[in-house]
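Here are the chains, one letter per residue:
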Amino acid sequence: MIDWYIISRNLVHYGGHFIIPIVIAYFFFRSNWIKVFLLLVATMLVDLDHLIVEPIFDPNRCSVGFHFLHSYIAIAIYGLLFFINKTRVVALGLLLHMFFDYQDCFW
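Residues numbered from 1 in each chain as written. Predicted model: local features only at pLDDT ≥ 70, side-chain atom pairs only at ≥ 80, totals over all residues. Heavy atoms only, no water.

**Student:** Mind showing me how you'd approach the state of the cysteines here?
**Tutor:** Any covalent bond linking the sulfur atoms of two cysteines counts as a disulfide. Per the stated rule, a full pass over the model turns up one disulfide. The residue that forms a disulfide with Cys 62 is Cys 105, at a sulfur-sulfur distance of 1.7 Å. Measuring handedness by torsion sign, the sulfur bridge of Cys 62 and Cys 105 sits at about 55 degrees and is right-handed. Taken together, the positions of Cys 62 in the loop between helix H2 (33-42) and helix H3 (72-81) and Cys 105 in the segment after helix H4 (88-103) put the pair 43 residues apart, joining distant regions of the chain. (Disulfide = S-S within 2.5 Å. Helix = DSSP H or I, 4+ residues; strand = E, 2+ residues; numbered from the N terminus.)

Spelled out as structure tokens, the structure:
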């Protein structure tokens, strides 16, 4: 039996991590869209903080507020970095990452 709940949850979560960055990169950074897309996807490395907890993956755990790179203080820092030109794209990727991870808190 197909569990549409899990499929839709994963589609929103992982689609947000990969589809939204390519759309943003293409439409807002057209001259450098490939570079920007790769930078946005590289912000997935923020999930390395999952490796220091047990269990590493828990589908029912809300990452935001649990992992140290997903903490509210870290999110505030990402928000501040958004206002610096040299860090804007990376900060955007991190903020998008937090937004789509936050979606898991409501499923």
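**Student:** Explanation requested: the packing of helix H1 (residues 4-28) against H2 in the structure shown.
**Tutor:** Any two packed helices are characterised by how steeply their axes cross, that is the angle between the axes, and by the distance between the axes. Look at H1 against H2: their axes get within 8 Å of each other, and the N-to-C directions meet at 150 degrees. By the criterion of interaxial angle, the relationship of H1 to H2 is roughly antiparallel. Like other packed secondary-structure pairs, H1 and H2 cross with a definite hand, here right-handed. Of the residues in H2, those touching H1 at Phe 18, Pro 21, Ile 22, Ile 24, Ala 25 and Tyr 26 are Trp 33, Val 36, Phe 37, Leu 40 and Val 41. Of the residues in the contact of H1 with H2, the class split is eleven nonpolar, no polar and no charged. (Axes fitted to C-alpha atoms, helices over the stretch in contact; angles between N-to-C directions. Parallel < 35°, antiparallel > 145°, perpendicular 65-115°, else oblique. Left-handed = near helix turned anticlockwise from the far one by under 90°. Contact = heavy atoms within 4.5 Å. Nonpolar A, V, L, I, M, F, W, Y, C, P; charged D, E, K, R; others polar.)

**Student:** Even after reading the chapter, I still don't get the pattern of salt bridges, so can you show me in this structure?
**Tutor:** When the charged atoms of two side chains lie near each other, side chains of opposite charge can form a pair. Considering all chains together, one arrives at one salt bridge under this definition. For Arg 9, the salt bridge goes to Asp 104, with nearest N and O atoms at 3.6 Å. With Arg 9 in helix H1 and Asp 104 in the segment after H4, this pair connects stretches of sequence that are 95 residues apart. Of the two residues, Arg 9 and Asp 104, both sit in the buried class. (Salt bridge = Lys/Arg side-chain N within 4 Å of Asp/Glu carboxyl O. Buried < 20%, exposed > 50% of the residue type's maximum accessible area, 1.4 Å probe, protein only.)

**Student:** Explain H1 here, please?
**Tutor:** Remark: the principal bend of H1, roughly 45 degrees, maps to Gly 16. Three or more residues of H1 are buried, namely Arg 9, His 13, Gly 15, Gly 16, His 17, Pro 21, Ile 24 and Ala 25. Looking at the buried positions of H1, the neighbouring elements they touch are H2 and H4. Taking the backbone nitrogen of Tyr 5 as reference, a side-chain oxygen 3.2 Å away marks Asp 3 as the first, capping residue of H1. (Bend = angle between axes of the 7 residues up to and from the residue. Polar contact = N/O pair within 3.5 Å; in protein donor to acceptor, adjacent residues only side chain to side chain.)

Treat this as a map of the structure, not an account of what it does.
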